[in-house]
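Single-letter residue listing:
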Amino acid sequence: MTAVLSTKGLGKRYRRRWALSDCTLQIPAGHVVGLVGPNGAGKTTLLNLAVGLLAPTEGTVEILGGIPAGSNSQLAKVGFVAQDTPTYAGLSIADHLRLGAHLNPGWDPGLAKARISQLGLDPEQKAGKLSGGQRAQLALTLAIAKRPEVLILDEPIASLDPLARREFLQTLMAVTAEHELSVVMSSHLVSDLERICDYLIVLVASRVRVAGEVDALLASHYQVTGPRRDMESLPAGWDIISASHTDRQTTLLVLNRLEPALFGARGVAPIGYAAFALALGVTAGVLIRRTVPAMAATLAAFTAVQFAWPNWIRPHLIPPAVVRERLGTHFNDLIVSQPGGRMTITGTWYKAGVWLLSNQTVTPSGHVFTGPATSACLGNSTQACIAWLARQKLAQVVTYQPASRFWAFQWYESAVFVVLAAALGVLCLWWMNRCRA
Amino acid sequence: MIEFHLDARSGVSPYLQLIQQVRQALRLGFLTEGDQLPTVKDVVALLAINPNTVLKAYRELEYEGLVAARAGVGTFVTKTLADGSLAAHGPLRADLRRWISSARQAGLDDESIEALFADTFRAAIKEEVR
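One numbering rule holds for all chains: residues counted from 1, following each sequence as written. Throughout, the order in which chains and ligands are written sets their labels, letters from A for the former and numbers from 1 for the latter. In keeping with the model being predicted, local features are shown solely for residues with a pLDDT of at least 70 and side-chain atom pairs are shown and tallied solely at 80 or more, while totals for entire chains, interfaces and linings include all residues.

Chemist: Quick one: what's the story with unusual backbone geometry, residue by residue and with numbers?
Modeler: Residues and elements named next belong to chain A. If you check the backbone angles, S206 has positive phi at about 65° while not being a glycine. What counts as a helix is a DSSP run of H or I of at least four residues, what counts as a strand is a run of E of at least two, and both are numbered from the N terminus. With respect to the helices and strands, S206 occurs in the loop between β8 (199–204) and β9 (207–213). Of note, the phi angle at R289 is positive, near 70°, even though the residue is not glycine. Here R289 lies in the loop between α10 (269–288) and α11 (291–317). Since 10 C-beta atoms lie within 10 Å of it, R289 is described here as exposed. Each residue is classed by its C-beta neighbour count within 10 Å, where at least 20 other C-beta atoms makes it buried, 12 or fewer makes it exposed, and intermediate counts make it partly exposed; the C-beta atoms are placed from backbone geometry.

Structure, rendered in structure tokens:
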């Protein structure tokens, strides 16, 4: 599944002011993406950069794998409705459709006409005479009728009344379901986005604060309320996003950002590694007596231990937990190996505060799922593929370590490595004594 | 065919609400084997929600073995949850209606009626257990 929009270190400066800076994003296809943030956070700038109306000051931006507005075929793949849904006031609705037909290679005249009559609009009416809601619907119709792969909407519903807003979103969702579009829309109206979006990007002060699938974000953020206390420290891997206090109560928004990589990255375990590496170097020097071979031997031994440790030794010291669950609603990768045409699936699995070690998709009989690539999943229809996968009654076997074991692991690990280092030290002393004798 | 509705204030996530409504329709005999569920497009066009939400609900139902998707056609009910008691539903419903109207006459508002029913229901279950 390719990225709809991907940016790397993207920034845009207007004279002295940075409207967007250091924006790195990867938005997968098939989502309805909500872009939220206060006024002036850079939402419009980001969307204009994405469609090629603005050129970046720094960094790169790609839409559907190409440069925004880089070619005619690229332009045809992107539908865009700018802020306040602009139309030509002096032109009639029919004129707008004719204009669209002339300007877009993939124009679908049937779809455009059907939408206009469905909305109950008179094609002869001038766009300037339309209500705000009708104008928004016209702009959306134009963007949809060009049959884009991705639709970019800048605050499309901000100026609409609740009824028009609902009608607009109904149309948008129906089109999204029918044509399997990806949608990126900015909005202030969180209550509407809640129902519409399954992917969220939060921009604050020209930077990306949060980006991810809504389910994953909800699974990793917690609101905690309890008796008043100062939260100086939380267990490793938990961050406080915001804290508020009353006389008696403390309310925290906390984020759990535990990842398998954290095993070695934090805590006291690195002290053990360092002691071991040092002892290893000294031992190699004493035994080999020549710098380069000694360094090579040290490096080789250290790498071997660092590889063997997480793969074989650590799982034996503290066996991980294993659970069997049904295949998650979001499986993120379908891997089809091309020559043999076999396919395998990796599912996502969300559980707060665990280190995920492995995640395998298995059939009801317990075998790792792999099968001939089915036509349902090779085509463009994600829905057909999901439906097919659901019929296979797949489960995922997840191996993980609960976060509660973090410190147990840290001490265990440092102790083992320090003992190894000490043993090497003793070996050195013994060897030096022997040589002297 | 059934029509879904969402209660934004219930605090129940939209996909769970869809599942509940299908299960309830199956239990009350509104949906039986072979009936088609609304297409994803129809549901999102009515409720203005994310298509993936509907897909998630339908997949869950499929996993429970209540419905099956036929590629390119739609999603169909494969199992019914209604049992032999279905015939008794009509008279019971009529009784309940009479009870509700007498509760109204006694001056109870919606919330009081719901509270009274829920409380009596719980108490009755407790007694049955004993």
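Past the structure itself, the notes keep going.
Chemist: Can you explain the interface of chain B and chain A? Please cite residues and give values.
Modeler: Any residue pair is listed as a contact if its two C-beta atoms, each placed from the backbone, are within 7 Å. Taken residue by residue, the interface counts 17 residues in chain B and 22 residues in chain A. Where the side of chain B that touches chain A is concerned, the elements lending two or more residues are α2 (40–47) and α3 (51–63) of chain B. Ranked by residues supplied to the side of chain B that touches chain A, first place goes to α3(B) with 7 residues. Considering only residue class, the side of chain B that touches chain A consists of 11 nonpolar, 2 polar and 4 charged. All residues other than Ala, Val, Leu, Ile, Met, Phe, Trp, Tyr, Cys, Pro, Asp, Glu, Lys and Arg, Gly among them, are scored as polar; the first ten of these are nonpolar and the last four charged.

Chemist: Tell me what's going on with the sheet that holds strand β1 (residues 3–14) of chain A, and back it up with residues and numbers.
Modeler: All names here are of chain A. If you trace the 3 strands from one edge of the open sheet to the other, you get β2-β1-β4, paired in antiparallel fashion. For this open sheet the edge positions go to β2 (17–28) and β4 (58–63), each flanked by a neighbour on one side alone. Sheet twist, expressed as the mean angle between neighbouring strand axes with direction ignored, is 20°. Criterion used throughout: strands pair if DSSP finds at least two bridges between them. Sheet topology places β1 next to β4; 5 bridges connect them, and they run antiparallel. Across the sheet, L5 pairs through a bridge with I63, a residue of β4. Comment: axis = line fitted to C-alpha atoms, over the contacting stretch for helices; angle = value between 0 and 180 degrees taken between N-to-C directions.

Chemist: If you had to explain the sheet that holds strand β5 (residues 78–81) of chain A to someone new, which residues and values would you point to?
Modeler: Residue and element names in this part refer to chain A. Strand order in the open sheet formed by 6 strands is β5-β6-β7-β3-β8-β9, and the pairing between neighbours is mixed. A strand with exactly one partner marks an edge of an open sheet, and here the two such strands are β5 and β9. The average angle at which neighbouring strand axes cross in this sheet is 15°, direction not considered. Taken together, the 5 bridges between strand β6 (residues 150–154) and strand β7 (residues 182–186) define a ladder with parallel strand orientation.

Chemist: Give me the lowdown on the nonpolar core, citing residues and values where you can.
Modeler: Core analysis: the largest hydrophobic core is formed by 82 residues, its most contacted members being I152(A) and V44(B). Looking at which element gives the most residues to this core, the answer is helix α5 (residues 132–145) of chain A, with 8 residues. When near neighbours in sequence (up to four residues on either side) are disregarded, I152(A) contacts L47(A), A50(A), V51(A), V78(A), G79(A), F80(A) and V184(A). Listed in part, the 7 residues of the second largest apolar core include F276(A), A279(A), L280(A) and L424(A). To form a nonpolar core, buried Ala, Val, Leu, Ile, Met, Phe, Trp, Tyr and Cys residues must be joined through C-beta atoms within 7 Å.

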